[in-house]
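Letter by letter, the chains look like this.
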Amino acid sequence: MRIGFIISLVFAILVALFGIQNAAVISVNFFSTKFYISLALIIFVSAIIGAIIVTLFGLQKEFKLSRGNKRLTKQADNYQTKFGNYQNENSSLKIENETFKSKTESLQIIIDALETKNKTFNDEITSLNNEIERLNTMSTNEPNTLK
């Protein structure tokens, strides 16, 4: 049971006991009218009106909390949707990243092969230059020997 309900029940019992002990008829002035009524009835009516007012304030507070809860639930759903979208985007970016990594590795293999070919060509050019120099020196030496 809720503690508020128990406290209200105890308070209602106390008000009832107080009203029963004070059941005398009294004169009540309200604006310009005067009438006679039982004090117990005034106590009970006042307690009921007070309970109604407290209930209305409680309902107003509960209504505000309910509206706030709905608003926050809607925001949470929106954030959950955004989070799901970001997870999907993250997954696709990871796949794209892996694709780029594999392409980079392939290009690195091609670069290594081209560097090897370049070295081979440079070695061939160097050996051909050496051969040309040897032939040039031989050709310059031969005409001198003929004279």
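Each chain has its residues counted from 1, following the order in which its sequence is written. Side-chain atom pairs in this predicted model are given and counted only at pLDDT of 80 or more, local residue features only at pLDDT of at least 70, and totals for whole chains, interfaces and linings cover all residues. Based on all heavy atoms of the structure, the side-chain values leave hydrogens and waters out of the count.

(A) Spotlight on unusual backbone geometry. Phi at Phe31 takes a positive value of approximately 55°, unusual for a residue other than glycine. Only runs of H or I of at least four residues qualify as helices and only runs of E of at least two qualify as strands under DSSP, and these elements are numbered from the N terminus. Structurally, Phe31 is set in the loop between strand 1 (25–30) and strand 2 (33–38).

(B) Just the pairing of strand 1, in detail. Here, strands pair whenever DSSP counts at least two bridges between them. Of the pairings in the sheet, the one linking strand 1 to strand 2 comprises 6 bridges and is antiparallel in character. In the strand pairing of strand 2, Asn29 is matched with Lys34. Counting the residues in the hairpin turn of strand 1 and strand 2 gives 2 residues, including Phe31, whose phi is positive at 55°.

(C) Quick look at the packing of aromatic side chains. Each aromatic pair joins two rings of Phe, Tyr and Trp (for Trp, the six-membered one) with centres within 6.5 Å, and gets the label stacked for planes under 30 degrees apart, edge-to-face for over 60, and tilted for any other angle. All chains considered together, the criterion is met by 1 aromatic pair. Considering the side-chain rings of Phe30 and Phe31, the 4.7 Å spacing of their centres and the 70° angle between planes classify their relative orientation as edge-to-face. Of the two residues, Phe30 and Phe31, both sit in the exposed class. Only protein chains enter the calculation, and the probe is 1.4 Å; a residue is then buried if its accessible area is under 20% of its type maximum, exposed if over 50%, and partly exposed in between.

(D) Examining a nonpolar patch on the surface more closely. To count toward a patch, a residue needs a relative accessible area over 30% and no salt bridge; like charges are then connected within 9 Å, while nonpolar side chains (Val, Leu, Ile, Met, Phe, Trp, Tyr) are connected within 5 Å. Shrake-Rupley sampling with a 1.4 Å probe provides the accessible areas, and residues are treated as covered by the protein chains on show and by no other component. A pair is scored as a salt bridge if a Lys or Arg side-chain nitrogen falls within 4 Å of a carboxyl oxygen belonging to Asp or Glu. On the surface, a nonpolar cluster with roughly 660 Å² of combined accessible area is contributed by Phe5, Ile6, Leu9, Val10, Ile13, Leu14 and Leu17. Counting through the fold element by element, Leu14 comes out in helix 1 (residues 3–21). On the accessibility criterion, Leu14 (53% relative accessible area) is exposed.

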